[in-house]
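# Reading the structure
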Amino acid sequence: MTEVQLLVPVLAEVLHWNRARVTFVAHFILALVKVRTVNFPEIAVAFAGPAQPASKYKRIQRFFRAFLVDFLTISRLLVRMLPLRDLRWILTLDRTTWKLGRLSINILILGIAYLGVAFPIVWMTLSKQGNSNTGERIHLMARFLRSFGIDKIACLTADREFLGHEWFSYLLGHLIHFCIRIRENMLVPNVRGIVVHAKTLFRDLAPGEVRVLKGRRLVCGVKLFVVGLRLPDGEYLILVTDKEPETAMETYAQRWEIETLFGCLKNRGFRFESTHLTKPDRINKLVALLAITFCWCHLTGEWVHQQKPIPIKKHGRKAKSIFRAGLDHLREILLNISEKRQQFKEMILLLRKYLQLAHTAQPLRI
C-alpha cells in the first residue's frame, strides 16, 4: 500500500467526507510534510501519483475554490488528537498577520495550550488589517462554545488587544474565566478611588515582584481583580481577571504558547507566509490542513521524545522543539519511503491510537 492509502482510512474515520476529498487531504498533508511550504506549485510536485504536476496543481486549486469545509468537524478532529480531551483547557487567543504586497493577511486563532505550544481549534480570517473587534471575538468564542461547551474552559488568556467593556461583559455573562493583559497606561482606581495609570499602582515593585491589588477595581467599566508584575527590563505586566488572582500570572504564562504555534506554522515549520491565497474562505481551509498536519507532527514528536529524549542545550532549552522533532521524523520517513515504509506504518498506527484513545492522556507504545 502507498503512504496515501495508509493515511486515508485513518482520516476517513473522523472526517466522514467522501473518499475523493479525504484522499486529497491525505495527499496534501503528506506533501506538506515533504516540502515544508504551503506554496501550491511545490506541494503539487510532491503529490504522490502518476499525474503531471500541472494536473495536481489544478486539483489543489479546485479544492480551495469549490469544496465547502465543515470546520466543526475539523475542530473536533483536532481535539481528538489532543491527549487532554477529558480535562479542562487553558485557551489562548491571538492574531497572526503579515503582508502580501499591499494586502494584509490577518487571522484570529483560538487554541488550547499544551506542552509549550497551542493546538489551533477555531479560527477566522479577518477581511481587514489591524485589531479584531468585539463582534469578531464573540463570533469565534461562540463557535468554540457550540462545539465544546463552557465546561471545557479552565481559563481564557489573551494579550492587550483583547480589551473592552462589551468583551469583558460577554466573558463574564458566559461564565468564562479569563486572565487578560492590559496596557500600562489604562486607567484604574487606586485604593482611595482616584483613577490613575495602571503602572502607577505597581511602580514601587522590584523586578520580578508580583502584587495583587486589594479587592476588585473598575476596568473598562467592569469590576475585576488587578495583578501586576515588574519585568526585568523595567516594564510592567498587568493582568485583569475575574477570579483567582493569586494564580493569574502562572495561568497567563501559557498565553505565549500561541506565539510558538505561529512560529511552527511560519518559518520554523510550513512557511505559511509563502501562500498566495488572499480570499478569507480559502485561507481558512488552508489553516485547517495546516492545523491537522501540525498536530500530527507534534504528536509524532512526543513519541520521538519518549523513545529518545531530545537533548537539552546549555541555555536550558531543548535542542529542537517537540513539533520540529516530529516534523523531521515524518519528513525523513516520507523522503525515504521505499526504505522506511515500516516506520511509516508505525506512525500511522500511532496517529490512529491517538485519535481513538486521546482521552486517556497516557503515553502510547507501538
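Here's what I pulled together on the structure shown here.

Quick notes on the rules
- Residues numbered from 1 in each chain as written.
- Predicted model: local features only at pLDDT ≥ 70, side-chain atom pairs only at ≥ 80, totals over all residues.
- Heavy atoms only, no water.
- Helix = DSSP H or I, 4+ residues; strand = E, 2+ residues; numbered from the N terminus.
- Buried < 20%, exposed > 50% of the residue type's maximum accessible area, 1.4 Å probe, protein only.
- Pairing = 2+ DSSP bridges.
- Disulfide = S-S within 2.5 Å.
- Phe/Tyr/Trp six-rings, centres within 6.5 Å; stacked < 30°, edge-to-face > 60°.
- Core = buried A, V, L, I, M, F, W, Y, C linked by side-chain atoms within 4.5 Å.
- Contact = heavy atoms within 4.5 Å.

## Structural notes on the environment of Lys353
Mapped onto the elements, Lys353 comes out in helix α12 (residues 341–357). On the basis of relative accessible area, Lys353 is assigned to the partly exposed category, the value being 23%. Taking the C-alpha atoms as reference points, Lys353 and Val10, separated by 343 residues in sequence, lie 9.8 Å from one another.

## A short note on the pairing of strand β1 (residues 89–100)
With nine of twelve residues buried, β1 lies mostly within the body of the structure. Bridge count between β1 and strand β4 (residues 153–158): five bridges; the pairing is parallel. The partner of Leu93 across the bridge, within β4, is Ala158. Pairing geometry for β1 and strand β2 (residues 103–114), over ten bridges, is antiparallel. Following the sheet pairing, Thr92 is matched in β2 by Gly111. The hairpin formed by β1 and β2 contains two residues between the paired strands, and Gly101 there has a positive phi angle of roughly 65 degrees.

## Quick word on unusual backbone geometry
In this structure, His16 takes a positive phi of about 60 degrees despite not being glycine. By the element assignment, His16 lies in the loop between α1 (3–15) and α2 (19–35). In this structure, Cys220 is a non-glycine residue whose phi angle is positive, near 55 degrees. Checked against the element boundaries, Cys220 lands in the loop between β9 (217–219) and β10 (222–230). Taking relative accessible area as the criterion, Cys220 reaches 24% and is therefore assigned partly exposed.

## Notes on the state of the cysteines
As used in these notes, a disulfide is a covalent bond between sulfur atoms, one from each of two cysteines. This model, assessed by the stated rule, comprises zero disulfides. Between Cys220, a free cysteine, and Cys179, which holds the nearest cysteine sulfur, the sulfur-to-sulfur gap is 15 Å. Free of any disulfide, Cys297 has its nearest neighbouring cysteine sulfur in Cys295, separated by 9.3 Å. With a relative accessible area of 0%, Cys297 lands in the buried category.

## Considerations on the packing of aromatic side chains
All told, the structure shown has 21 aromatic pairs when counted by the stated rule. Through a chain of ring-to-ring contacts, the aromatic side chains of Trp17, Phe24, Phe28, Phe40, Phe47, Phe63, Phe64 and Phe67 assemble into a single cluster.

## Notes on the nonpolar core
For soluble globular proteins, nonpolar side chains are generally found buried alongside one another. In this structure, Phe28, Trp167 and Trp296 are the most contacted members of the largest nonpolar core, which totals 129 residues. Excluding its chain neighbours within four sequence positions, the residues that come into contact with Phe28 are Phe40, Ile43, Phe47, Ile60, Phe64, Leu286 and Leu289. Core analysis: the second largest hydrophobic core is formed by twelve residues, Ile90, Leu231, Leu239 and Met249 among them.

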